[in-house]
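A structural walkthrough
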Amino acid sequence: MVKARKFVLVKHFVGSPKDSDLKLVEEELPEIKDGEFLCEAVYHSLDPGMRPYSGKWQKEGDTMMGQQVAKVVQSKHKDYPVGTNVLTDVLCGWRSHFVSSEGQGIMTKLDHLPPEIPLEQALGAVGLIGYTAYFGMNDICQPKEGETLVVNGAAGAVGSLVGQIGKIKGCRVIGYAGSDEKVKYLKELGFDAAFNYKTVDLDETLKAAAPNGVDVYFDNVGGTFSVTVRRHMNKCGRISLCGAISQYNLKEPLMVPCQDFMMVSEEIKSQGFLCLSKSERFPEAYKQMSEWYLQGKLKLDMHWTEGFENMPKAFFELFTGWNLGKAIVKA
Ligand SMILES: NC(=O)c1ccc[n+]([C@@H]2O[C@H](COP(=O)([O-])OP(=O)(O)OC[C@H]3O[C@@H](n4cnc5c(N)ncnc54)[C@H](OP(=O)(O)O)[C@@H]3O)[C@@H](O)[C@H]2O)c1
């Protein structure tokens, strides 16, 4: 018998997520049967998207959603021997241990990772985060050499990769993040310009840093930030709608100025996308992201939290801008 711990979503989040919405409970897992294997969590991913998607995909009483890297610790399945590292699907959830039957709940085994790629990057540059940056840039933004790219949430997991992909593609990259420390970090990553959006006038910085306009906008934030950036878009500009973190904790929808005619007359393409919908193309995204990673063309720093019991706190802090790079919990 294994005593497992898990966080249950006892109440759907309303406004900002809070402690009382989640409850840490213990459960006894049964002995594994033929075709089953027992996994122990190694790293947990924390993603702002868990806030809106838990409301859409989960019911109260479910284990809080989230992806993890786990290790097989007991096995009665020939394809998953003890010691195998696996990447779970996003609904596996915040749990210390789980039993998989015939590979259920497993997205992929991680034995294909070369030794130069640390295991935790399976939740980062060579996992869903990296694929999100890749698909949003490749499919929607389609950046060309010499174009100007704006990305917000730029010092976070997706945003920092997007900016680096922009540089690989030969763009002038302008990043926005929420502290001076993050701005310094973006410059170290090679961004051409970076600003603390909390202390500058966004419109003025765009006039100064993108005097010829913005061709490509990778949007992680939404809301009034986007209203301002759109005013600076060039004709036939492309906007990748990746996330809307400024909206996730709002109780009422934000009212912003209508820009319909401007979008029409400037022939701007604006498209939302969901990385998970492109699973048949994950091998393509892995190939490109791992190649760039191994070539040293991009990096993704991890923002570590120690201890499974600290998951709620680390999750809540995503919405205060506490993390730099990919937020991850060491189980
Ligand atoms: N479409 C998809 O398939 C997909 C997949 C993964 C992620 N996403 C989305 O991509 C975005 C980035 O995700 P991530 O995992 O890389 O997270 P992240 O950027 O590592 O962490 C969140 C960051 O967002 C910023 N932030 C928090 N509240 C904000 C607000 N009210 N206004 C502006 N910025 C705010 C904070 O940085 P600052 O200090 O800079 O404010 C915070 O550090 C999220 O919107 C997420 O939902 C989409």
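Residues numbered from 1 in each chain as written. Predicted model: local features only at pLDDT ≥ 70, side-chain atom pairs only at ≥ 80, totals over all residues. Heavy atoms only, no water.

Digging into the packing of aromatic side chains
- On inspection of all chains with the given rule, the structure shows 15 aromatic pairs.
- Their ring planes at 35° and their centres at 4.5 Å tell us that Y53 and W57 sit as a pair that is tilted. Residue Y53 and its partner W57 are both found in helix α1 (residues 50-57); the two are separated by 4 residues, about one turn of the helix.
- Residue class for Y53 comes out partly exposed when judged on its relative accessible area of 25%.
- Judged by its relative accessible area of 37%, W57 is partly exposed.
- Aromatic side chains Y134 and F135 sit 5.4 Å apart centroid to centroid with 70° between the ring planes, which places their arrangement in the edge-to-face category.
- Site record: aromatic cluster; members linked through ring pairs are F7, F13, W94, F308, F315, F316 and F319.
- Positioned over the ring face of Y80 is K109, at 5.2 Å from the centre of the ring.
- Over the aromatic face of F135 sits the side chain of K278, whose NZ or CZ is 5.8 Å from the ring centroid. (Phe/Tyr/Trp six-rings, centres within 6.5 Å; stacked < 30°, edge-to-face > 60°. Helix = DSSP H or I, 4+ residues; strand = E, 2+ residues; numbered from the N terminus. Buried < 20%, exposed > 50% of the residue type's maximum accessible area, 1.4 Å probe, protein only. Lys NZ or Arg CZ within 6 Å of the ring centre and 35° of its normal.)

Quick look at the pattern of salt bridges
- With the rule as written, the count across this model stands at 20 salt bridges.
- Close ionic contact of R281 with D139 constitutes a salt bridge, the shortest N to O distance being 2.7 Å. With a gap of 142 residues between them, R281 in the loop between β13 (269-272) and α8 (282-294) and D139 in helix α2 (residues 128-141) connect regions that are remote in the sequence.
- Between K207 and D203 there is a salt bridge, and its shortest N-O distance comes to 3.5 Å. Of the two residues, K207 and D203 both sit in helix α5 (residues 202-209), 4 residues apart, roughly one turn of that helix. (Salt bridge = Lys/Arg side-chain N within 4 Å of Asp/Glu carboxyl O.)

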